[in-house]
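Per-entry structural report
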Amino acid sequence: VGHCHPAIVKAAHEQNQLLNTNSRYLHDNLVDYAERLSQTLPVKLCTFYFLNSGSEANDLALRLARQYTKHEDVIVLDHAYHGHLTSLIDISPYKFRNLEGQKEWVHVAPVPDTYRGLYREDHEDSVTAYANEVKNIIEQAQKRGRKIAAFFAESLPSVGGQIIPPAGYFQKAAEHVRKAGGVFIADEIQVGFGRVGKHFWAFQLQGEDFVPDIVTMGKPIGNGHPIACVATTEEIAEAFAATGVEYFNTFGGNPVSCAIGLAVLDVIEKEHLQAHATEVGNFLMELLKEQKMKHPIIGDVRGSGLFIGVDLIK
């Protein structure tokens, strides 16, 4: 919402003068913020955990998935990056290929990229073809006695090259994963909060009928202040609570962070930033497409709202 936005600075300053404490102490800001966030999401995603960073959020999502499914294995997209914790380096091909390599519980699916990927724009049904790759991975894993806990994907792969997966891909991939007893985790850390313009969340580009089981948030959520969130279903949250090991976070969901989170949502709404992302994004895409006509080095221009990629070719 802009560097040092006065509304954000004011919210942080005012709450800082009143109270800042850990989230074991009940505070209205926490409930108010969870309620406001829930209005942006499908009804099913009604339980919230607040944390300090996107990495923390993705790590908790992994724990939730494993506790709920009682399975261990994770399917990720190639070139993915999900954070800097050890657990997340393990599910980030972008990182683990340069470090200790792929763990046996990690399975890498091809990025649903219709420009450079396995199945391209000229393929008769790239959606089914890419989803079938996920299905094949599951079948191969099961033959080895492995069980899938989650399919973990950025709603729009960013490090992988600003990829826009074809609509319907998540639905089909989720179908295979859920059939195998796993859950679908949508990482919205870089692409959520109206950045894609048409929708508040990037996973909504797949269609209204698609709802992930877990959504993770970070980066823009606090406009530079360390706050993050995991949203999930009641069933998953209940399975997590049933262990008796309560979820607790000293700073996650503290009154100041929640005041800032609320202020961010206010600014997005009052300044029509989602519509702004659509308008400016469309304008930029048009200009980039004009450049594409002039310069053979530009192979592809793709994006949604202010999530845009320019693919340069030899």
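I will try to describe carefully the structure that is included in this document. Owing to the predicted nature of the structure, the values given are computational and were not obtained by experimental measurement. (Residues numbered from 1 in each chain as written. Predicted model: local features only at pLDDT ≥ 70, side-chain atom pairs only at ≥ 80, totals over all residues. Heavy atoms only, no water.)

Helix and strand content of the protein chain: 10 helices and 9 strands. Radius of gyration (C-alpha) of the protein chain: 20 Å, near the 20 Å computed for a compact globule of 314 residues. For the protein chain, restricting intrachain contacts to residue pairs at least 6 apart in sequence, the fraction spanning at least 24 positions comes to 72%. Separation between the mean location of the 29 positive side-chain charges and that of the 38 negative ones in the protein chain comes to 6 Å. (Helix = DSSP H or I, 4+ residues; strand = E, 2+ residues; numbered from the N terminus. Rg over C-alpha atoms; globule rule 2.2 N^0.38 Å. Contact = heavy atoms within 4.5 Å. Lys, Arg positive; Asp, Glu negative; His and termini not counted. Charge placed at Lys NZ, Arg CZ, Asp CG, Glu CD.)

Let's shift gears to the pairing of strand E9 (residues 307–312). Residues in a regular strand project their side chains so that they alternate between the two faces of the sheet. Here strand E8 (residues 298–304) pairs with E9 via 6 bridges, running antiparallel. Bridging across to E9, Asp-300 finds its partner in Asp-311. The hairpin formed by E8 and E9 contains 2 residues between the paired strands, and Gly-305 there has a positive phi angle of roughly 60°. (Pairing = 2+ DSSP bridges.)

This part covers the pattern of salt bridges. Scanning all chains against the criterion turns up 16 salt bridges. A salt bridge links Glu-139 to Lys-135; the nearest nitrogen and oxygen atoms lie 4.0 Å apart. Here Glu-139 and its partner Lys-135 are both found in helix H6 (residues 126–143), 4 residues apart, which amounts to about one turn of the helix. Overall, the relative accessible area of 34% leaves Glu-139 in the partly exposed class. Residue Lys-135 is classed as partly exposed on the basis of its relative accessible area, which comes to 35%. Linking Arg-302 and Asp-311 is a salt bridge whose minimum nitrogen-to-oxygen distance equals 3.1 Å. We note that Arg-302, like Asp-311, is buried. What you see here is one network of salt bridges that share partners, running through Glu-72, Asp-73, Glu-104 and Arg-146. (Salt bridge = Lys/Arg side-chain N within 4 Å of Asp/Glu carboxyl O. Buried < 20%, exposed > 50% of the residue type's maximum accessible area, 1.4 Å probe, protein only.)

Attention now moves to the sheet that holds strand E5 (residues 183–187). In spatial order, the strands read E1-E7-E6-E5-E4-E2-E3; together these 7 strands make up an open sheet with mixed pairing. Looking at the sheet topology across the chains shown, the edges are occupied by strand E1 (47–51) and strand E3 (106–109). Between one strand and the next, the sheet's axes are offset by a mean angle of 20°, whatever the strand orientation. Of the strands in this sheet, strand E2 (73–77), E3 and strand E4 (148–154) are in contact with H6, which crosses E3 at around 155°. Against the sheet, helix H8 (residues 234–241) contacts E1, E5, strand E6 (214–217) and strand E7 (228–232), and its axis sits at roughly 60° relative to E1. (Axes fitted to C-alpha atoms, helices over the stretch in contact; angles between N-to-C directions.)

Remember, this is a structural readout, not a statement about activity or role.
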